[in-house]
Amino acid sequence: MDTKYNEDTSDKVKATIYTKKREGKHLGATAIYGYKKNPKDKYKIIIDEKSAIVVRRIFEMFVNGNSIQMICKTLDKEQIPIPSVYKNLNRGQKSVAYGHWNTKTIWDMLKNEMYIGNMCQCVNKRPAVSVKKIIKNPKDKWIIVPNTHEPIIDKETFELAQKMFGKNSHITKKTKEFLLKGFLYCRECGHTIGINTSHNGKGYCVCNFYRKFSKENYCTPHSMPYSELEPLILREIKKVVRKANKELITSTLKKSDRTLVKIKQLEKEKEHLESVINMAQKKDDDAYMDKLDGNITFETYSNIRNRILAEKEEAQVKLKAHNELIDNLKGKSINKDYEKIVSDYLALKKPNRKVLSALIDKIIIDEDKNIEIKYKIRTPFLT
Ligand SMILES: [Zn+2]
């Protein structure tokens, strides 16, 4: 609860607020970017298709390997209004300034479970009523109620994004990227095994718990040169995936083809844009009738008309872009040789982090250097 924030409210009010939140009722004054408040039920939120398009793109870009900085750059380049500006635009206020996307906004969005349909409240708190600064509540203080509204992002994409956070976020440009970084765990203490780079650029594995508290002897070093570990593990993985059921994986892959999923989603957005264009025509006709009937002045009519035309034009531009994108994607998905993709993939011809994270969950290493690999692909994929 935002206890301090609500210092001036009675316990009874606080209790009511808390109960409502526990029931998954949305109590915010506005909905988060991507959603809007349901005009028919003030405690519910519904998708705001116009901004939801941007949310889906952000996730799409991220899981396809774009850094958060790159995403910001792309959105800025396309002059997509930042959420705060967008909200004002939506309230009908004109804003000339676009404002730049910042990494924190994107970071928070990519981590926000609201986008998979879970109501998360009490995420932030204010230290005091008069203080504008907002600080984050610890996660155990959040109230999360699952499946309260329609998701914008499917669970699979969301989870993939979270994985990419864990495995990519600590990799800076300067340090060398080790294929297995983020996958290694200590058998004895359960903490991660880190890879430290020595001055000659060689990697060395060490249990992070040991490294942090080496004096206390909570764990043992588990040290070994990375160059010995990687080939050992890759050989082991290859041995296992060789036995995988290729036909089954191929057909599953086809079904979950991101391109096909993307096309479907774009087509849904296209429908929305078409309805906006049709509505504009209708609104224009209505306004014209109002003017003929003398209900509105010519000036008002002309203002309304300009607004409608701008809206329509914007939708038309987007529709054109959508059509091009759909055609482009359709061309791509037809020419895919799934059998070859799966074979290459399973042979680990080009082992990269993305392939690895699709295949394995974690690698557990004990002090005697015994290795256990926890696979993600299970039966029926492994025979
Ligand atoms: Zn350990």
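The subject of this paragraph is the confidence of the model for the chain. Across the chain, the average pLDDT comes to 82, with 86% of residues at 70 or higher. Confidence drops under a pLDDT of 50 for residues 1-6, and excluding neighbours within four residues, the segment shows 16 contacts in the predicted structure.

So, on to the packing of aromatic side chains. If you walk through the whole model with that rule in mind, you get 11 aromatic pairs. One aromatic cluster in this structure is built from Tyr35, Phe59, Tyr115 and Phe158. Between the NZ or CZ atom of Lys362 and the centre of the ring of Tyr185, over which it lies, the distance is 4.5 Å.

This part covers the coordination of the zinc ion. Surrounding the zinc ion are the protein donor atoms Cys186 (SG), Cys189 (SG), Cys207 (SG) and Cys219 (SG), which sit 2.3 Å from the metal. Around the zinc ion, the 4 donor atoms are arranged such that angles at the metal cover 99 to 119°; this shape is classified as tetrahedral. Donor residues for the zinc ion sit on one chain with the sequence pattern C-x2-C-x17-C-x11-C. Of this pair, Cys207 sits in strand E9 (residues 203-207) while Cys219 sits in the loop between helix H7 (208-212) and strand E10 (224-225), and the two are 12 residues apart along the sequence.

Within helix H5 (residues 103-111), burial applies to Ile106, Met109 and Leu110. Seen along its axis, H5 keeps its buried residues to an arc of 95°; they face one direction. The N-terminus of H5 is capped by Asn102, whose side-chain oxygen sits 3.0 Å from the backbone nitrogen of Lys104.

As summarised here, the arrangement of the 3 strands in space is E8-E9-E10, forming an open sheet in which the pairing is antiparallel. Both outer strands of the open sheet, strand E8 (193-197) and E10, are each paired with one neighbouring strand and no more. Sheet topology places E8 next to E9; 5 bridges connect them, and they run antiparallel. What sits directly across from Ile193, in E9, is Cys207.

Turning our eyes to something else, we now look at the nonpolar core. Nonpolar side chains in soluble globular proteins tend to be buried together. Formed by 40 residues in total, the largest nonpolar core has its most connected members in Tyr33, Ile58, Leu75, Trp101, Ile106 and Tyr115. Those elements that place two or more of their residues in this core are strand E2 (45-47), helix H2 (49-63), helix H3 (68-77), helix H4 (83-90), H5, strand E3 (119-121), strand E6 (143-145) and helix H6 (155-168). Among the elements that line this core, the one with the most residues is H2, at 8 residues. The contact partners of Ile58, leaving out residues within four places of it in the chain, are Ile71, Leu75, Trp101, Ile106, Met109 and Leu110. Grouped together as the second largest cluster of nonpolar side chains are 32 residues, Ile193, Met224, Leu229 and Val241 included.

Here the focus is the sheet that holds strand E11 (residues 360-365). The pairing of strands in a sheet happens through backbone hydrogen bonds and is either parallel or antiparallel. Pairing in this open sheet of 3 strands is mixed, and the strands run E7-E11-E12 from one edge to the other. Each having just a single partner strand, strand E7 (184-186) and strand E12 (371-375) make up the two edges of the open sheet. Looking at each pair of strands side by side, their axes are set apart by 30° on average, direction ignored. In the packing of helix H8 (residues 226-241) onto the sheet, the strands contacted are E7, E11 and E12, and the crossing angle to E12 comes to about 50°.

Rules of the game
- Residues numbered from 1 in each chain as written.
- Predicted model: local features only at pLDDT ≥ 70, side-chain atom pairs only at ≥ 80, totals over all residues.
- Heavy atoms only, no water.
- pLDDT = per-residue confidence, 0-100.
- Contact = heavy atoms within 4.5 Å.
- Phe/Tyr/Trp six-rings, centres within 6.5 Å; stacked < 30°, edge-to-face > 60°.
- Lys NZ or Arg CZ within 6 Å of the ring centre and 35° of its normal.
- Donors = N, O, S within 2.8 Å, 3.2 Å for Na, K, Ca; no water.
- Tetrahedral: all angles 85-135°; square planar, octahedral: opposite > 155°, others 65-115°.
- Helix = DSSP H or I, 4+ residues; strand = E, 2+ residues; numbered from the N terminus.
- Buried < 20%, exposed > 50% of the residue type's maximum accessible area, 1.4 Å probe, protein only.
- Arc of directions from axis to C-beta.
- Polar contact = N/O pair within 3.5 Å; in protein donor to acceptor, adjacent residues only side chain to side chain.
- Pairing = 2+ DSSP bridges.
- Core = buried A, V, L, I, M, F, W, Y, C linked by side-chain atoms within 4.5 Å.
- Axes fitted to C-alpha atoms, helices over the stretch in contact; angles between N-to-C directions.

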